[in-house]
Each structure stands twice: as C-alpha cells, then as structure tokens.
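Working through the structure, step by step
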Amino acid sequence: MRLGRRLASVLVLAVTLAALPGGLAGGPPGAAAAEGQATWAVHITLAPTWFDPAETPGIITPFMVLYALHDALVKPMPGKPMAPSLAESWTASKDGLVYEFVLRKNVRFHNGEVMTAEDVKYSFERYRGASAALLKAKVAKVEAVDPLRVRFTLKHPWPDFMAFYATPATGAAWIVPKKYVEQVGEDGFKKAPVGAGPYKFVSFKPGVELTLEAHEQYWRKPPAVKTLVFRVVPDESTRLAALKRGEVDVAYSITGPLAEELKRSPGLRLVPTYFTFTTWLVFTEQWDPKSPWHDPRVRLAANLAIDRAGINQAVYLGLSKLSYSFIPQGMEYFWSPPPIRYDPKRAQALLAEAGYPNGFEGGDLSGDTIYGVAIGEPVVSYLQQVGIRLRLRPMERAAFFKEYGEKKLRGIVFSGSGAPGNAPTRLEQYAISGGRYAYGAYPDIDGLYTEQANEMNPRVRQQILTKIQQLITDKVMFGPVIEPAFLNGVGPRLEVHGLGLIANHAYSAPYEDLRLKRP
Amino acid sequence: MKRFILRRLGYALISLVLLSVTIFLFVRVTGDPAVLLVEPGASQADIDAIRTQFGLDRPLWVQYGHFVSSLVRGDLGHSFYYRTPVLELYLSRLPYSLLLAAAAMAFSLVIGIPTGIIAAVRVNRWWDSAGKVFALLGLSLPSFWVGLLLILFFSVYLGWLPSSGSGTALHLIMPAFALGWYFAAAHMRLTRSSMLDVLGSEYVKLARLKGLPEALVIGKHAFKNALIPVLTLAGINLVIMVNVAVVVETVFAWPGIGRLLYEGIAFRDFPVVQATVILGGSMIVIVNLLVDILYAVIDPRIRLDK
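In this text the structure is predicted, and so the values were computed from the model without any measurement.

**Details of the sheet that holds strand E18 (residues 478–480) of chain A**
Residue and element names in this part refer to chain A. Across the sheet, 5 strands lie side by side as E16-E15-E17-E13-E18; this open sheet has mixed pairing. Single-partner strands in this sheet number two, and they are strand E16 (388–395) and E18. Going across the sheet, the axis of each strand differs from the next one's by a mean of 25°, ignoring polarity. Strand contacts of helix H9 (residues 296–305): strand E13 (278–283), E16 and E18, with the helix running at about 10° to E18, the strand carrying the most contacts. In the packing of helix H13 (residues 376–385) onto the sheet, contacts are made with E13, strand E15 (360–368), E16 and strand E17 (412–417), and the angle to E16 comes to roughly 170°.

What follows is the structure in structure tokens.
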C-alpha cells in the first residue's frame with residue numbers, strides 16, 4: 001500500500017514535470033524529446049581536425065561533422081546557399097567595404113555559455129584553415145560592436161567576401177566558444193570539442209567511431225534523433241553488408257556493381273548526392289603549335305567522340321550529371337554551355353579536316369587511380385574509336401597531383417576537382433595564367449578575369465564571367481566529361497535521412513531534420 | 001657470450017638506423033602530403049601553408065635531424081592527418097592489433113600444427129593430401145576475398161556475426177579466421193616438413209625399435225624437436241600479424257596498426273608511416289635478437305661462429 005502511494009507520487013511528479021514548457025531539458029515548448037540512434041558507415045577515416053572549424057582544409061568532407069557539432073553565422077541550408085544561422089541577418093555597405101552581422105539572441109554552446117560577438121571575432125582570428133591567408137589579407141579588422149553585432153571591415157572592396165566566408169570554401173564563419181577554447185587549449189578542444197551545433201560530442205575512438213548526442217537547446221529546433229554514430233568502415237563491400245544487416249542506417253560511397261546490388265536489395269534505397277565536383281580533360285599541348293592538340297577542331301573532335309551518357313550509365317547507373325563545362329553546375333556564376341552531343345562521325349570528319357584522316361598518336365591520358373581509371377578508361381576507348389590513340393597512365397593520387405601541379409604531364413590530363421567556391425575560384429586555378437593547374441592561358445580570358453575580380457556589381461560581374469566561360473567553350477579549352485554522383489545507401493529505419501537536402505553537400509544534413517520511422 | 005650479445009646488439013642498432021634512413025627517404029619520394037590534405041584546386045598559398053605547418057619546407061637533412069632527435073627522446077611526431085601525437089595513436093591501436101594477432105595466431109597454431117603432424121604421420125595418404133589442399137588454399141586465397149566471403153555468409157546470409165567493427169568477442173571471429181588461415185597453412189607446411197625430417201632420424205628409429213608406443217614416439221620424441229622451427233616462425237609471424245594485417249583490418253574495419261599504416265600511406269602521413277615501420281621493425285629486430293641469443297645459449301658453437 002505504501003509502495004503504491006509512493007509510485008503514484010512519482011507518477012504525478014513525472015507527469016507534472018513533463019507538462020512544464022520544454023520539460024526539464026529546457027527545449028522549445030512542445031518539442032518531443034529526442035530518441036533512438038542513427039548510424040552511418042563512413043567511407044573515410046574521421047580525423048579530430050574535423051571537430052575544429054579552425055582547421056577546415058577546403059574539402060567538403062569535414063562538413064560531415066561540422067554540421068552536427070558546430071554552427072556558422074551563415075551557411076548553406078535547404079533551399080538557400082547562404083542561409084542566416086547564428087547571424088539573424090547581415091548587411092553590406094554600398095562601397096563593399098563593411099559587412100555587419102546581427103547575431104541571434106540566446107544561442108547557447110553545448111557547455112551552456114551564450115554566444116556573443118566576441119566568439120565570432122575570436123573564431124575568425126583563430127581560423128587557420130583553407131584560404132586563411134587570403135581572408136586575413138583582405139580583412140582590415142573585425143570588431144565586436146556590441147554583444148550581438150559584429151563588423152568586418154575590408155581593406156578593399158572584395159566581391160567574393162561572402163563566397164569565402166559563408167560557404168564551405170572556408171570554415172571561418174563557424175563559431176567556437178572563446179572562453180572554452182582558451183581554457184582547454186588547442187589539443188584539449190580537439191579531444192572534447194564544444195560547439196553551437198545540434199549535436200554534442202560524446203566520444204571519439206580514432207579509427208573506430210564518433211558518437212554524438214542531441215543538443216536539446218539547439219536554436220533552430222531540438223533534434224529528433226537522440227544519438228548519432230559515425231562508424232568508420234573503409235571497405236565498401238563491408239559498408240554494404242553492414243547496411244543490409246541493419247547495423248548502420250546510411251552507408252556512404254557505394255559504387256559500380258555494389259550500387260546495382262544495393263538498388264536491387266529490398267528495403268534499401270540508393271540515394272545520389274552531388275557536390276561541386278566535376279571531371280574534365282585538359283589538353284595540355286594546345287599551346288604548342290607542333291602538337292595536333294593545338295588545332296581546336298581536334299579538341300572539338302575529342303569532345304564529340306566521348307559518349308558521356310554511356311559512361312554515366314556504365315559507371316554511375318545513370319545518376320551522375322553530364323557535364324559540358326569544367327565549372328560545376330551548382331556553382332555561383334556558372335554559365336550553362338550548349339550540350340555536346342555524342343557524334344563520332346562528325347569527330348572523324350573534323351579530324352580529317354584538321355589533317356588527321358587516319359587519326360594520330362595522342363600521347364598519354366594521365367589520371368589518378370580512382371576517377372582517372374573509372375572514367376578515364378572509357379574515355380580512352382571512345383577516343384580510340386575515332387582514331388585518337390592514347391595510352392592510359394593511371395598514377396597514384398599524390399604522385400599525380402604533384403606532377404599535375406608541377407606541369408610535368410603531357411598529352412591529356414584527366415582532371416577533377418570538388419573544391420568549394422564559385423566560378424571565379426575554379427577559373428583561377430585551372431584557366432588563368434599562373435593558376436596552379438593551368439598549363440597555359442589566353443590573354444582575352446586573363447583580361448576579363450582581372451576585370452571581374454574588381455567588379456562589385458553582381459549583374460555586371462555575371463556578364464563578364466559568362467563571357468569568360470563562353471570563350472573557354474569556343475576555344476574548346478577543355479573536354480568536360482561528367483559531374484560524378486556520390487552514391488549512398490539508406491536503410492529502412494530512417495524516414496528523413498538528410499541526403500541531398502542541402503544543395504552541393506554530399507552528406508546527411510541538417511542533422512536536426514533527421515527523423516527515424518515510428519515503429 | 002657477452003661479446004656475442006654486444007655484437008648482435010650492434011647489428012640490431014645498425015639495422016634500426018638503416019631502417020630509419022630508408023623509411024624517412026622512401027616516404028618522401030612517394031608524393032606531397034599537402035596536396036592530399038586539400039581538395040585538388042586548392043590555392044598554392046594553402047598548400048604552402050600546410051607544408052610550412054608540417055615542416056616540409058625545410059631541407060631534407062634538417063627534417064631528418066629533427067626526426068632522429070625526436071625519436072631518441074621517444075617522440076614519434078604528430079600525425080599530419082589526425083594532428084595528434086603518433087605514439088598516442090599507435091598505442092591506442094596496439095591493443096586491437098595484439099588481440100587480433102593473438103586470436104589469429106592461436107587459430108593458426110591450433111589448426112596448423114595438428115594438421116601438419118597428421119599429414120607427416122600419414123604421409124602420401126588421404127590426410128596428407130587433404131592437408132596439402134588446405135595449405136594450398138590458405139596460401140593462395142587472398143585474405144580480402146576470404147574476408148568478404150565470410151562477411152557474406154556469416155553476417156549477411158546467416159546473420160550470426162557482426163559484419164565489421166570491434167568491441168565484442170563476436171567481432172573477433174571472422175578477422176581472426178581470415179588472418180589466421182594463411183599462417184595456419186604456413187605453420188602446417190613447416191610442421192609437416194619438420195616432422196618428416198625428425199621422423200626419419202636415427203633416434204626416432206631407435207625409439208621405435210625399443211618398442212615404444214607410436215603415440216609416445218610422435219608425441220614425446222618427434223614432436224618436441226619438430227616444434228622448434230615452427231615456434232621460431234610463429235614468433236616472427238606474430239610480429240607480422242600485429243603490424244601488417246592491412247587487408248584484413250581494412251575489410252573488417254578493425255582499428256589496428258595495419259589499418260593505421262594503410263591510412264598513413266594513403267594520406268602520406270609521414271610521421272605515422274615512419275613510426276609504424278620503425279616500431280614494427282624494432283619488434284622484428286628484438287625478436288631476432290632474442291632468438292639469436294637463445295640459439296647461442298642452446299648451442300655454444302653459434303656464439304663462436306663469426
């Protein structure tokens with residue numbers, strides 16, 4: 001009887017507490033408590049540097065973790081390439097020199113501290129990842145005007161400030177708690193990171209897994225899934241096996257025949273995602289008058305000889321995007337060139353017109369051992385069919401990029417890049433004089449590039465960049481092939497898996513939107 | 001004996017110095033880690049910043065001097081990829097590798113030695129042929145393929161075992177089998193040949209002439225002597241299992257040193273590759289040194305031999 005009364009009291013107390021706004025957890029009113037676990041089989045080894053936005057290396061992969069642990073002033077979100085997040089709004093002065101961000105009120109880090117303008121200033125100054133030198137060279141000062149207002153003053157007008165600050169091109173806008181970092185130190189922060197994202201750090205076993213738990217006070221909304229586990233499974237057959245067994249809910253990067261098998265497996269879904277990744281041929285000898293590649297008709301013939309749809313079907317089950325530009329379709333200032341239809345007969349006619357009726361020895365097609373083989377091999381075969389005889393030269397990735405960057409490769413280079421940014425940043429590296437991977441350049445394109453870099457009017461800038469891309473197409477400077485899809489498997493337990501919600505983001509996100517199916 | 005040990009110790013040190021020079025130079029000719037840590041298309045300024053951060057912009061001899069002086073102090077450097085001390089990383093992976101190697105070794109000895117003995121005792125008969133087939137398969141089937149077959153059958157089809165990972169005894173079964181089979185085959189072959197040698201020796205013939213039971217002849221007189229080369233090989237194999245089970249650890253997502261080495265090579269993480277190779281090499285050198293000393297203790301002629 002006494003036990004029954006005690007039980008009744010506990011029940012009444014529990015019901016009362018549950019009825020309080022936000023319950024004990026302090027989440028928004030009416031929010032359901034997070035529950036369950038979602039597990040990912042990740043294709044690449046997780047590194048502690050990914051827990052710290054200051055170390056963002058300019059690749060998309062760390063954002064897999066950053067979107068969970070941290071938050072940015074402005075970041076890509078569903079439907080918006082630059083969505084206000086920790087900043088409610090921002091303004092740019094007419095002269096393009098001052099950017100002011102108004103911060104969201106009462107945003108709390110995982111340790112309970114409230115985010116202020118000082119944290120934003122500190123995070124920018126502490127940032128040392130990709131393009132850190134460039135950002136700091138362009139920014140004259142950062143001021144915490146008041147606790148909820150941050151002002152960036154540039155040295156000169158820079159039209160790409162937001163493209164660098166507020167996109168995955170850098171991690172400079174991702175905010176860390178100043179007091180906490182100073183208290184635990186750099187190494188301590190990587191071991192126990194604290195952020196303002198939807199998930200809190202629980203544990204990390206190097207080479208094994210990362211475990212995160214819902215941050216119920218996340219400003220946007222409390223996550224619905226209690227625990228996220230990112231398990232490192234380097235072998236893709238094993239990832240598929242884990243997905244089939246229900247050990248994981250999402251398996252990243254499943255390709256070729258395994259993707260076909262995944263597609264056939266009952267209860268599993270094959271979900272492609274896309275990021276700013278494209279592949280193309282570089283005609284390195286187009287500036288050498290003695291080379292057959294000097295003739296634009298030969299380069300056009302090579303473009304017409306490639307069956308892009310066929311390669312897409314064979315390698316990516318038709319899920320990749322056909323590409324006619326070396327600039328990805330999702331990038332700002334992209335201009336869509338006319339499609340290049342597969343036409344081997346016209347290719348042969350063009351070669352004959354250029355003085356090569358029986359084709360020619362085109363030298364090497366050098367590429368890395370991943371895409372350079374998977375896509376490079378069929379490219380070699382298609383070119384062979386019209387008489388352009390190439391030798392496939394697969395190279396180990398580091399060696400390939402070393403020789404590519406040092407401009408030691410000859411013939412054709414099978415190139416690819418997933419670097420975030422916009423059309424000008426992509427042009428700078430591959431098509432402009434002095435670009436790291438530019439084997440040559442054209443004065444008219446160089447001139448227009450310089451012009452756009454100083455143009456603050458987006459409409460005029462768009463026109464100049466369109467002109468540059470048209471010139472590149474007219475000169476047949478490159479041989480675009482495809483924008484490879486990133487193929488993933490999703491198991492039956494996830495109702496919202498987050499893949500493809502954010503444009504140009506390869507991984508699940510935003511994590512607070514994930515939902516498990518009701519049993 | 002003291003001179004013998006000192007001489008062997010000297011050889012061991014020379015081996016380690018040569019190993020450190022070789023691995024230091026070899027990893028540096030394989031490519032630039034800075035290029036792999038950024039997306040192709042990254043600016044030269046970003047690549048240069050990474051080189052400076054890792055000290056790769058300094059002359060080679062300065063880098064080597066720094067590497068050796070740190071090594072002497074027990075500092076194996078910081079991983080380029082993980083940005084954590086390599087020794088910490090190595091020690092966090094070592095228990096997993098030791099566990100896997102111990103299980104695989106136990107499996108290889110439990111299977112390899114009895115089958116080797118039976119094959120030798122029943123030479124050129126059915127058991128011997130079956131043993132040869134077992135050894136041939138074990139040595140010729142690639143372990144990644146064996147691993148994938150095991151996953152497909154025991155995880156996906158039967159649903160008995162977890163497909164990958166670590167943490168429970170169930171996680172250990174398939175990787176231990178996949179890794180152990182190759183070595184079981186090697187141990188079986190050596191046990192068989194060693195047993196055949198011993199079974200043909202004069203003292204075994206004498207034991208048989210004395211009328212000792214066959215089980216006693218094989219178990220007490222032949223097996224003990226035949227075991228010496230097998231255990232020597234097993235010792236070396238254990239070190240190999242701990243350090244270079246790259247394929248099995250990758251297929252089963254087993255977080256051991258083999259996978260650490262693989263990741264180190266893939267990302268051109270020079271400190272990780274240098275540390276795993278030097279620590280693995282040190283293990284082999286130490287095991288060899290101990291074996292040499294033990295041989296010298298057992299057979300004094302060895303220590304006198306120049």
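**Some remarks on H13(A)**
All names here are of chain A. Turning to H13, its buried residues number three or more, namely Gly 376, Val 379, Val 380, Tyr 382 and Leu 383. Seen from one end, H13 has its buried residues packed into an arc of 165°, which puts them on one side. Summarising the contacts, the buried residues of H13 are in contact with E13, H9, E15, helix H12 (371–374), E16 and E17. At the exit of H13 stands Gly 387, carrying a positive phi of roughly 105°.

**What about the interface of chain A and chain B?**
Every contact between the two is made by 41 residues of chain A and, on the other side, 43 residues of chain B. Elements represented by at least two residues in the side of chain A that touches chain B include exactly helix H4 (132–138), strand E10 (225–232), helix H7 (236–245), helix H14 (397–405), E17 and helix H15 (423–430) of chain A.

**Here we look at the pairing of strand E1 (residues 35–42) of chain A**
All names here are of chain A. Pairing between E1 and E10: 7 bridges, direction parallel. Within E10, the residue paired with Trp 40 across the bridge is Phe 230. Pairing between E1 and strand E11 (residues 250–251): 2 bridges, direction parallel. Bridged to Ala 41 within E11 is Ala 251.

**A short note on the packing of helix H5 (residues 86–121) of chain B against helix H12 (residues 257–266) of chain B**
Residues and elements named next belong to chain B. With their axes 8 Å apart at the nearest point, H5 and H12 run at an angle of 135° to one another. Here H5 lies oblique to H12, going by the angle between them. Listed contacts from H12 to Leu 89, Tyr 90, Arg 93, Leu 94 and Ser 97 of H5 are Ile 257, Gly 258 and Leu 260. Across the contact of H5 with H12, the residue classes break down as 5 nonpolar, 2 polar and 1 charged.

**Some remarks on the sheet that holds E10(A)**
Spatially, E8-E9-E10-E1-E11-E20-E12 (chain A) is the arrangement adopted by the 7 strands of the open sheet, whose pairing is mixed. Two strands bound the open sheet, and with one partner strand each, they are strand E8 (199–205) and strand E12 (269–273) of chain A.

**Digging into the pairing of E15(A)**
Bridge analysis of E15(A) against E16(A) gives 8 bridges, and the strand direction is parallel. Residue pairing across strands places Asp364(A) opposite Arg391(A), the latter belonging to E16(A).

Reading the values: rules and limits
- Residues numbered from 1 in each chain as written.
- Chains lettered and ligands numbered in written order.
- Predicted model: local features only at pLDDT ≥ 70, side-chain atom pairs only at ≥ 80, totals over all residues.
- Pairing = 2+ DSSP bridges.
- Helix = DSSP H or I, 4+ residues; strand = E, 2+ residues; numbered from the N terminus.
- Axes fitted to C-alpha atoms, helices over the stretch in contact; angles between N-to-C directions.
- Contact = placed C-beta atoms within 7 Å.
- Buried ≥ 20, exposed ≤ 12 C-beta atoms within 10 Å, placed from the backbone.
- Arc of directions from axis to C-beta.
- Parallel < 35°, antiparallel > 145°, perpendicular 65-115°, else oblique.
- Nonpolar A, V, L, I, M, F, W, Y, C, P; charged D, E, K, R; others polar.

By themselves, these are just geometric observations and shouldn't be taken as functional.
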